[in-house]
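These are the residues of each chain, in order.
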Amino acid sequence: MSSFPASLLDVERQPGRPPMLRVETTGDAPRWVAEHRDALRAAVAEHGALLVRGLGLRDPAGTGAVFRELATGLMSEQEAFAPRRSYPEKGVYSSTKWPTNQPMCMHHELSYTLTFPGLMMFACLTAPAEGGATAVADAPSVLDALPADLVDRFEREGWLLTRSYNDEIGASWEEAFGTEDRGAVEQYCNANAIDFAWQDDGGLRTRQLRSAVVRHPVTGRRCWFNQIAFLNEYTMAPEVREYLVDVYGADGLPFNTRFGGGDPIGEDIVLLLNEVYEKHTAREPWQAGDLLLVDNIRTAHSREPFEGPREVLVAMADGVPLEDCEPTIEVTGR
């Protein structure tokens with residue numbers, strides 16, 4: 001394997017666009033990636049994200065081979081908020097099933113779990129006709145741009161994620177926890193600091209308190225690291241929110257976020273968070289064959305609305321325990 005430093009890669013930097021590397025692989029992407037693994041990972045560590053263009057990724061098998069070359073270890077998804085397709089290649093998933101006309105706002109993948117990916121990998125096999133970029137935003141810059149009093153409150157209280165699993169909206173509890181065994185779900189929740197309550201109709205409601213700000217385990221930089229805006233009721237389209245409240249009640253939404261002390265997070269705060277994200281967003285339209293590598297702690301990502309077929313494969317890698325990131329809220333399994 002190559003031990004080339006990231007500086008030997010000709011990474012393009014342009015305002016408003018993610019760092020990009022253009023390559024020629026002569027058709028053998030896994031071999032090229034294996035030869036340049038150290039330099040690619042060093043570039044992600046330096047820039048927070050890297051779009052590699054020219055790999056010519058075409059199918060799940062070749063893409064899975066590239067993912068495995070880059071990762072220290074691929075992760076299985078737990079606590080999914082929406083379904084994904086799993087491919088035969090272990091650790092390779094489709095992008096989350098989400099309405100194509102609705103954005104998936106900036107977030108850090110699985111930031112509500114106790115062990116989350118350190119590295120996210122995205123590969124575009126089919127680019128949409130319009131839109132659909134996986135955009136990125138630098139978490140330390142977002143943190144610095146937020147009002148100090150708001151950050152202080154979230155550092156003191158953390159953020160609370162509430163979920164109400166059912167068979168109609170989002171992932172069912174069986175899909176989210178990967179089992180139909182209630183006992184196994186209860187064991188997982190107890191081990192991962194998740195309060196839970198079974199409902200009379202067979203559904204499940206959960207609550208979990210997490211840190212909104214963490215320190216990067218390698219650089220020590222403070223990062224705005226959460227899904228407070230994305231999983232809040234006010235990020236939904238108004239007509240969708242109104243429908244869900246009518247059907248399931250305000251406390252029965254598939255997911256919602258609150259201040260760690262339980263107070264609601266107002267629409268004004270959600271709008272502010274998304275405005276700050278937008279000011280720090282870098283985006284580049286997908287081209288078929290592209291690979292995007294994202295430091296999941298330093299860099300948030302989103303998915304923009306799109307038209308036409310879009311196939312983007314995803315892998316989560318290099319699990320990082322929350323306790324390694326100096327959380328401001330004490331969270332332990334029991």
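Scroll up for the structure.
Given the structure is predicted, the values throughout are model-derived calculations rather than measurements.

Q: Just checking my understanding: could you explain the overall build of the protein for this structure?
A: Each helix and strand in the protein was counted, giving 9 helices and 19 strands. Taken over C-alpha atoms, the radius of gyration comes to 19 Å for the protein, in line with the 20 Å a tight globule of 334 residues would show. Within the protein, the proportion of its 334 residues that are buried is 54%. Taking the intrachain contacts of the protein between residues at least 6 apart in sequence as the baseline, contacts between residues at least 24 apart amount to 80%. Carbon and sulfur atoms make up 47% of the accessible area of the protein, which amounts to about 14,700 Å² in all.

Q: Honestly, the pattern of salt bridges in this entry has me stumped. Any pointers?
A: Close approach of charged atoms allows side chains with opposite charge to pair. Under the criterion given, the structure shown has 17 salt bridges. Here Glu284 and Arg17 are joined by a salt bridge, their closest N and O atoms 2.8 Å apart. Here Glu284 is found in the loop between strand S15 (281-282) and strand S16 (291-295), whereas its partner Arg17 is found in the loop between strand S1 (11-12) and strand S2 (20-22), with 267 residues between them in sequence. On the accessibility criterion, Glu284 (12% relative accessible area) is buried. Between Arg215 and Glu326 there is a salt bridge, with the nearest N and O atoms lying 3.4 Å from each other.

Q: Sorry if this is basic, but what is going on with the environment of Thr162 here?
A: Within the secondary structure, Thr162 sits in strand S9 (residues 159-165). Taking the C-alpha atoms as reference points, Thr162 and Asn232, separated by 70 residues in sequence, lie 9.6 Å from one another. When neighbours within four sequence positions are excluded, Thr162 is seen to be in contact with Thr206, Arg207, Pro254, Phe255 and Asn256.

Q: Can you help me understand the packing of aromatic side chains in this one?
A: Ring pairs (aromatic) are described by centroid distance and by the angle formed between their planes. Applying the stated rule across the entire model yields 11 aromatic pairs. Plain terms: the ring middles of Trp98 and Phe255 are 6.3 Å apart, the flat faces sit at 25 degrees to each other, and that makes the pair stacked. Here Phe255 lies in strand S14 (residues 255-259) and Trp98 lies in the loop between strand S4 (93-94) and strand S5 (104-107), a separation of 157 residues in the sequence. Both rings, one in Trp173 and one in Trp198, keep their centres 5.0 Å apart while their planes meet at 75 degrees; by these two values the pair is edge-to-face.

Q: How do you make sense of the sheet that holds S9 when you look at a structure like this?
A: With respect to topology, 4 strands assemble into an open sheet ordered S10-S11-S9-S14, the strand pairing being antiparallel. Two strands bound the open sheet, and with one partner strand each, they are strand S10 (195-198) and S14. Here the strands of the sheet are splayed against their neighbours by 15 degrees on average, with no regard to which way each runs. With 4 bridges connecting them, S10 and strand S11 (residues 204-210) associate as antiparallel partners. Looking at the pairing, Phe196 lines up with Thr206 of S11.

Cut-off values and rules
- Residues numbered from 1 in each chain as written.
- Predicted model: local features only at pLDDT ≥ 70, side-chain atom pairs only at ≥ 80, totals over all residues.
- Heavy atoms only, no water.
- Helix = DSSP H or I, 4+ residues; strand = E, 2+ residues; numbered from the N terminus.
- Rg over C-alpha atoms; globule rule 2.2 N^0.38 Å.
- Buried < 20%, exposed > 50% of the residue type's maximum accessible area, 1.4 Å probe, protein only.
- Contact = heavy atoms within 4.5 Å.
- Areas by Shrake-Rupley, 256 points an atom, 1.4 Å probe, with all protein chains shown as cover.
- Salt bridge = Lys/Arg side-chain N within 4 Å of Asp/Glu carboxyl O.
- Phe/Tyr/Trp six-rings, centres within 6.5 Å; stacked < 30°, edge-to-face > 60°.
- Pairing = 2+ DSSP bridges.
- Axes fitted to C-alpha atoms, helices over the stretch in contact; angles between N-to-C directions.

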